[in-house]
Amino acid sequence: MNRLGDLERAVMEVLWAQDEALTVREVSRALADRDLAHTTVMTVLDRLAKKGVVARSREGRAWRYRPAASRESYVSELMIDALGQTGDRDAALAAFVRSMDGNEAEALRRALAESDQPRT
């Protein structure tokens with residue numbers, strides 16, 4: 001999975017913040033402080049759709065865009081890809097865990113405990 005560029009990340013932040021799919025115009029309005037051309041936002045959304053990062057559906061003449069996955073799922077995929085690039089996954093995981101603060105370590109412990117629970 002590719003990392004997002006600065007503008008792609010800004011567009012995704014807008015989409016992740018919403019519960020419903022947005023049009024290019026709605027995304028452009030949310031990014032008004034960046035002074036972007038409508039066509040620039042349209043191009044970014046089209047590229048994100050081609051990469052599979054956003055899903056789009058036709059509504060009349062306009063496309064509506066929504067994230068293909070949650071922010072957490074996207075970041076998880078980045079982490080999995082990063083682990084796949086190391087020659088020593090155990091060492092990379094250990095270094096990652098050592099970088100965590102107490103709250104993050106506790107969240108990881110809870111997630112590990114939940115993943116060990118039988119699924120019903």
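Predicted, not measured: the structure shown is a model, and the values here were computed from it.

Details of a nonpolar patch on the surface
Inference 1: On the surface, Val 75, Met 79, Phe 96 and Val 97 cluster together into a nonpolar patch covering about 310 Å² of accessible area.
Inference 2: At the level of secondary structure, the elements contributing two or more residues to the nonpolar patch comprise helix 4 (71-84) and helix 5 (89-98).
Inference 3: Of note, Met 79 is situated in helix 4.

Structural notes on the pattern of salt bridges
A side chain with one charge may pair with a side chain of the opposite charge, provided their charged atoms come close.
Inference 1: What the rule picks out here adds up to 10 salt bridges.
Inference 2: When the shortest N-O distance is used, the salt bridge between Arg 9 and Asp 6 registers 3.9 Å. In this pair, Arg 9 and Asp 6 both sit in helix 1 (residues 6-16), 3 residues apart, roughly one turn of the helix.
Inference 3: Since its relative accessible area comes to 40%, Arg 9 is described here as partly exposed.
Inference 4: With a relative accessible area of 48%, Asp 6 lands in the partly exposed category.
Inference 5: Three or more residues joined by partner-sharing salt bridges are found here, namely Asp 6, Arg 9 and Arg 34.

Digging into the packing of helix 4 against helix 5
Inference 1: The N-to-C vectors of helix 4 and helix 5 enclose an angle of 135°; their axes lie 9 Å apart at closest approach. Taken together, the axes of helix 4 and helix 5 lie oblique to each other. The segment helix 4 lies against helix 5, with Met 79, Leu 83 and Gly 84 engaging Arg 89, Ala 92, Leu 93 and Phe 96.
Inference 2: Residue composition of the contact of helix 4 with helix 5, by class: 5 nonpolar, 1 polar and 1 charged.

Details of the domain arrangement of the chain
Inference 1: Split by domain assignment, the chain resolves into domain 1 (6-67) and domain 2 (71-116).
Inference 2: Between domain 1 and domain 2, the C-alpha centre-to-centre distance is 29 Å.

Some points on helix 6 (residues 102-115)
Inference 1: The terminal C-alpha atoms of helix 6 lie 20 Å apart, and with 14 residues this matches the ideal 20 Å at 1.5 Å per residue to within 8%.
Inference 2: Its side-chain oxygen placed 3.1 Å from the backbone nitrogen of Asn 103, Asp 101 serves as the N-cap of helix 6.

What about the packing of aromatic side chains?
Inference 1: Counted according to the given criterion, the structure contains 1 aromatic pair.
Inference 2: Taken together, a centroid distance of 6.0 Å and an interplanar angle of 45° make the contact between Trp 16 and Tyr 74 tilted. Taken together, the positions of Trp 16 in helix 1 and Tyr 74 in helix 4 put the pair 58 residues apart, joining distant regions of the chain.
Inference 3: Taking the relative accessible area as the measure of exposure, Trp 16 reaches 16% and is therefore buried.
Inference 4: When the ring centre of Trp 63 is taken as reference, the NZ or CZ atom of Arg 56 above it lies at 4.6 Å.

Examining the environment of Arg 89
Inference 1: The topology assignment puts Arg 89 in helix 5.
Inference 2: Here Arg 89 falls in the partly exposed class, since its relative accessible area comes to 43%.
Inference 3: Setting aside residues up to four positions removed in sequence, Arg 89 forms contacts with Leu 83 and Gly 84.

Parameters at a glance
Residues numbered from 1 in each chain as written. Predicted model: local features only at pLDDT ≥ 70, side-chain atom pairs only at ≥ 80, totals over all residues. Heavy atoms only, no water. Patch = residues over 30% accessible without salt bridge, like charges linked within 9 Å, V, L, I, M, F, W, Y side chains within 5 Å. Areas by Shrake-Rupley, 256 points an atom, 1.4 Å probe, with all protein chains shown as cover. Salt bridge = Lys/Arg side-chain N within 4 Å of Asp/Glu carboxyl O. Helix = DSSP H or I, 4+ residues; strand = E, 2+ residues; numbered from the N terminus. Buried < 20%, exposed > 50% of the residue type's maximum accessible area, 1.4 Å probe, protein only. Axes fitted to C-alpha atoms, helices over the stretch in contact; angles between N-to-C directions. Parallel < 35°, antiparallel > 145°, perpendicular 65-115°, else oblique. Contact = heavy atoms within 4.5 Å. Nonpolar A, V, L, I, M, F, W, Y, C, P; charged D, E, K, R; others polar. Domains from an automatic or database assignment. Expected span 1.5 Å × (residues − 1). Polar contact = N/O pair within 3.5 Å; in protein donor to acceptor, adjacent residues only side chain to side chain. Phe/Tyr/Trp six-rings, centres within 6.5 Å; stacked < 30°, edge-to-face > 60°. Lys NZ or Arg CZ within 6 Å of the ring centre and 35° of its normal.

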